[in-house]
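# Residue-level structural notes
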Amino acid sequence: MSAKEKKSSGMPEFLRRFFVALKRQPSIIALVVLLIAFFYYSLNLTHISDTTAKIQGPGMGLSGFATMLFSMLSLVCFLNAFPKRKKPVIPMVILMFVMFAVIIFCDVRYSGLIMNALTREVNPIKLDASTIYIAQAYNVLQNHIMLEGVGVALVLLLPVYTKLLRKINTSITVEDNGKLDVIDISGED
């Protein structure tokens, strides 16, 4: 078929292929957001570690470790929960949501320990140029909570936007060149 014989649905070919891929596996949208959250936390882990070493609050190290561990494991659960072109695996989905809850709980707990260290009556930690990483760690945790929340919302809304994606017309119409009546497929000589 030549380029003249195909008529697209009114969108550029690369965009049509992108939507076809999304229609086949719509869970990729939530996966991308969860990957962004994981990389955001991972790439800012220095601020978290430095804050843990400075404040040394009860359970801070464990909270940071649990957030990192369950972030990786939740991605593995996500990949196993939504196999290609198959129904979701319910035990993996449940396990994934438990891990999301643990991640958000650890982030909230760690943020609370930072606030307690900054506002305590005895020997509060002062934010200045040498301890600015504490404020950066707090901001990282708040942003990570929001990114995880968006990822959880996208997983929960997966059935909704799957139906919306299927309504997008990505079909290609093929025109007849007028020579189909000449072809004999009857097998008679």
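Residues numbered from 1 in each chain as written. Predicted model: local features only at pLDDT ≥ 70, side-chain atom pairs only at ≥ 80, totals over all residues. Heavy atoms only, no water.

### What to know about the layout of surface pockets
Approximately 330 Å³ is the volume attributed to the largest pocket. When contributions to the lining of the largest pocket are tallied by element, the ones reaching two or more residues are helix H1 (13–24) and helix H7 (158–166). The leading source of residues in the lining of the largest pocket is H7, at five residues. Of the residues belonging to the lining of the largest pocket, the class tally is six nonpolar, three polar and seven charged. (1 Å grid on protein atoms, 1.4 Å probe; cavity = no way out; pocket = protein on both sides within 12 Å on 5 of 7 lines; lining within 4 Å. Points joined across faces, edges and corners; volume = space filled by probe spheres on them. Helix = DSSP H or I, 4+ residues; strand = E, 2+ residues; numbered from the N terminus. Nonpolar A, V, L, I, M, F, W, Y, C, P; charged D, E, K, R; others polar.)

### Considerations on the confidence of the model for the chain
Taken residue by residue, the chain gives an average pLDDT of 86. The fraction at 70 or more is 86%. Confidence drops under pLDDT 50 across residues 1–5; counting only partners more than four residues distant or on other chains, this segment forms seven contacts. (pLDDT = per-residue confidence, 0-100. Contact = heavy atoms within 4.5 Å.)

### Comments concerning a nonpolar patch on the surface
On the surface, Leu62, Phe65, Leu69, Met72 and Leu73 cluster together into a nonpolar patch covering about 470 Å² of accessible area. By secondary structure assignment, the location of Leu73 is in helix H4 (residues 60–81). Here Leu73 falls in the partly exposed class, since its relative accessible area comes to 34%. (Patch = residues over 30% accessible without salt bridge, like charges linked within 9 Å, V, L, I, M, F, W, Y side chains within 5 Å. Areas by Shrake-Rupley, 256 points an atom, 1.4 Å probe, with all protein chains shown as cover. Salt bridge = Lys/Arg side-chain N within 4 Å of Asp/Glu carboxyl O. Buried < 20%, exposed > 50% of the residue type's maximum accessible area, 1.4 Å probe, protein only.)

### Re the packing of helix H3 (residues 45–55) against helix H5 (residues 90–119)
As a packed pair, H3 and H5 sit with axes 11 Å apart at the nearest point and diverge in direction by 45°. Classed by the angle they form, the pair H3 and H5 counts as oblique. Like other packed secondary-structure pairs, H3 and H5 cross with a definite hand, here left-handed. Packed against H3, whose contacting residues are Ile48, Thr51, Thr52 and Ile55, the element H5 presents Tyr110, Leu113, Ile114 and Ala117 at the interface. Of the residues contributing to the contact of H3 with H5, the split by class is six nonpolar, two polar and no charged. (Axes fitted to C-alpha atoms, helices over the stretch in contact; angles between N-to-C directions. Parallel < 35°, antiparallel > 145°, perpendicular 65-115°, else oblique. Left-handed = near helix turned anticlockwise from the far one by under 90°.)

### Focus on the nonpolar core
Counting residues in hydrophobic clusters, the biggest one holds 39 residues, and the most contacted among them are Ile48, Ile55, Phe78, Phe82, Met96, Ile114 and Val155. Of all the elements in the fold, those that place two or more residues in this core are H1, helix H2 (28–43), H3, H4, H5, helix H6 (132–156) and H7. Here this core gets nine residues from one element, more than from any other, and that element is H5. The residues contacting Ile55, other than those within four sequence positions of it, are Met60, Leu113, Ile114, Ala117, Ile125 and Ile134. (Core = buried A, V, L, I, M, F, W, Y, C linked by side-chain atoms within 4.5 Å.)

### A look at the side chain of Thr67
Within the secondary structure, Thr67 sits in helix H4. Under the relative-accessibility criterion, Thr67 is labelled buried at 0%. Once you skip the residues sitting within four places of it in the chain, Thr67 turns out to touch Tyr41, Ile103, Cys106, Asp107 and His144.

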